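Below are the chains, spelled out letter by letter.
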Amino acid sequence: MNEEGNQLEGELPLEGAGQRLARARADADKTVEQIASETRIPIRHLETLESGDFAALPAKTYAIGFARTYARVVGLDEHEIAQQVRDELDNGEGGEAHRGATFEPGDPARLPSRGLAWFSAFAVLILIAGSLAYFRDYFMPGSGPGPLVSEEEVAAAQTSGEDTVNTDGAAGTDAAPSGPVVFTSLENDVWVRFYDSSGQRLMEKIMTQGESYTVPADAVGPQIRTGRPEALVIRIGGKSIGTLSNRSETVGDLPVTAEALVARVNDLEAQATANSPDEQTTG
């Protein structure tokens, strides 16, 4: 019995967690793209899971959490897969093991480390700051993004608005901004997908704060899908026209040509003006 136990501890498993996930997906006759659509996990992370290189993911939390979700949609025991991923990381079989946070979502048996506790406290502060910024934009339309946006960006957005739209909604004397369309993330962990009119993916990733993406000029009917439009500021030809939305909502099949984006921002400003207390009193 002891020999068997020693052998199990000393030998690699016949099939790793990543191989099991890939085999289960193949048995279910599903593609990686289909799994990504069902789980909302980026394809590159799914491919990393299947390769067994769990340490390449941002943290141990992501590796175990993504594996649990993947296992659930392909019919494997999510708890068993999560434990196998954890064991492979601890044994160094999933690449260089993560030595940071060891707590993953949905696993109450694991207690967070002191470092994770400090990180959680910091995240709460960030959440409070983001909430204050959100409500300021809601009650005072046109005041610009919250504290996460620099004063230079706010000034650029206001200047752009003056150049393109008069107070009565008519076109101004200057032409609407044109040129490269650039999206910049104001926060971390902002998932976004860009694709053309045929559904071909142009870019899909989780953007970090300050990270930018330029929509290809030759893309046919480029569109966007994201659940954090309020965290994406838009620049057209170097001029900021504000964020994609003034609230957190899921948007999809949204055109991202310069003309469509200018029209959307103008519509949002008009709606905000129409819903403001002063406008309702005047009406």
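Anything mentioned here points back to the structure above.
Every chain is numbered independently, its residues counted from 1 as its sequence is written. Only residues with pLDDT of 70 or above have their local features reported here, since the model is predicted, and side-chain atom pairs are shown and tallied only from 80 upward, although totals for entire chains, interfaces and linings are computed over all residues. For the side-chain quantities, the full set of heavy atoms in the structure was used; hydrogens and water were omitted.

Caption draft 1: Looking closely at the nonpolar core. By size, the foremost hydrophobic cluster in this structure holds 24 residues, and its most contacted members are L46, L49, F54, Y70 and V85. Each helix corresponds to a stretch of at least 4 residues labelled H or I by DSSP, and each strand to a stretch of at least 2 residues labelled E; elements are numbered beginning at the N terminus. Contributions of two or more residues to this core are made by α2 (17-27), α3 (32-39), α4 (43-51), α5 (60-73) and α6 (78-90). At 6 residues, α5 tops the list of elements feeding residues into this core. Core analysis: the second largest hydrophobic core is formed by 23 residues, Y213, I241, A258 and L261 among them. Throughout this description, the term nonpolar core refers to a set of buried Ala, Val, Leu, Ile, Met, Phe, Trp, Tyr and Cys residues connected via side-chain atoms within 4.5 Å. Any residue under 20% of the maximum accessible area for its type is buried, any over 50% is exposed, and the rest in between are partly exposed; the area is computed with a 1.4 Å probe on protein chains only.

Caption draft 2: The packing of aromatic side chains, seen in detail. Two aromatic rings from Phe, Tyr or Trp, using only the six-membered ring of Trp, form a pair when their centres are within 6.5 Å; if the ring planes differ by under 30 degrees the pair is stacked, by over 60 it is edge-to-face, and anything between is tilted. Enumeration according to the criterion identifies 3 aromatic pairs in this entry. Aromatic pair Y62 and F66: ring centres 5.5 Å apart, planes at 70°, arrangement edge-to-face. Taken together, the positions of Y62 and F66, both in helix α5 and 4 residues apart, correspond to about one turn of that helix. Considering the side-chain rings of F194 and Y213, the 4.6 Å spacing of their centres and the 35° angle between planes classify their relative orientation as tilted. Note that F194 is positioned in strand β2 (residues 190-195) and Y213 in strand β4 (residues 212-214), a separation of 19 residues in sequence. A relative accessible area of 1% means that F194 is categorised as buried. Chaining the aromatic ring pairs together yields one cluster made of F183, F194 and Y213.

Caption draft 3: Up close: the pairing of β2. Among the 6 residues that make up β2, 5 are buried, leaving the element largely enclosed by the rest of the structure. By the convention used here, strands pair only if DSSP detects at least 2 bridges between them. In textbook terms, the turn of a hairpin is the stretch between consecutive antiparallel strands, and for β2 and strand β3 (residues 201-207) this stretch comprises 5 residues, one of which, G199, has a positive phi near 90°. Pairing of β2 with strand β5 (residues 223-226), which is carried by 4 bridges, proceeds in the antiparallel orientation. Within β5, the residue paired with V192 across the bridge is T226.

Caption draft 4: Main features of the pattern of salt bridges. The term salt bridge refers to a side-chain nitrogen of Lys or Arg lying within 4 Å of a carboxyl oxygen of Asp or Glu. For the structure on display, the rule yields 15 salt bridges. Between E15 and R23 there is a salt bridge whose closest N-O contact spans 2.9 Å. The class for R23 is partly exposed, based on a relative accessible area of 42%. Ionic pairing is found between R23 and D27, a salt bridge with its closest N-O pair at 3.9 Å. Linking R23 with D27, this pair stays in helix α2, spanning 4 residues, or about one helical turn. Residue classification places D27 among the exposed positions, given a relative accessible area of 60%.

Caption draft 5: A look at the packing of α2 against α6. Running from N to C, α2 and α6 cross one another at 145°; their axes reach a closest spacing of 9 Å. Facing A17, R20 and L21 of α2, the residues of α6 in contact are E80, I81, Q84, V85 and E88. To get an axis, fit a line to the C-alpha atoms, keeping to the stretch in contact for a helix; angles then go from 0 to 180 degrees between the N-to-C directions. Only heavy atoms enter the contact rule, under which two residues are in contact if any of them lie within 4.5 Å.

Caption draft 6: Inspection of α4 at higher detail. Taken as a whole, α4 has its buried residues at I43, H45, L46, T48, L49 and E50. Summarising the contacts, the buried residues of α4 are in contact with α2, α3, α5 and β3. In the segment just after α4, G52 is the residue with positive phi, at about 80°.

Caption draft 7: The arrangement of the sheet that holds β3 in detail. Taken in spatial order, the 4 strands make up an open sheet running β3-β2-β5-β8, and their pairing is antiparallel. Unpaired on one side and paired on the other, β3 and β8 (251-255) mark the two borders of the sheet. Taken pair by pair, the neighbouring strands of this sheet meet at an average axis angle of 15°, ignoring direction.

Caption draft 8: Examining the sheet that holds strand β7 (residues 239-243) more closely. As summarised here, the arrangement of the 4 strands in space is β4-β1-β6-β7, forming an open sheet in which the pairing is antiparallel. The sheet is open, and its two borders are formed by β4 and β7, each paired with just one other strand. Mean inter-strand twist for the sheet, computed between neighbouring axes without regard to direction, equals 25°. Direction of pairing for strand β6 (residues 232-236) relative to β7: antiparallel, over a ladder of 4 bridges. By the bridge assignment for β7, V233 is matched with T243.

Caption draft 9: Broad picture of unusual backbone geometry. In this structure, D189 takes a positive phi of about 60° despite not being glycine. Residue position: D189 is located in the loop between β1 (181-185) and β2. Phi is positive for D253, close to 55°, though the residue is something other than glycine. Examined against the element boundaries, D253 turns out to sit in strand β8. Residue classification places D253 among the exposed positions, given a relative accessible area of 55%.

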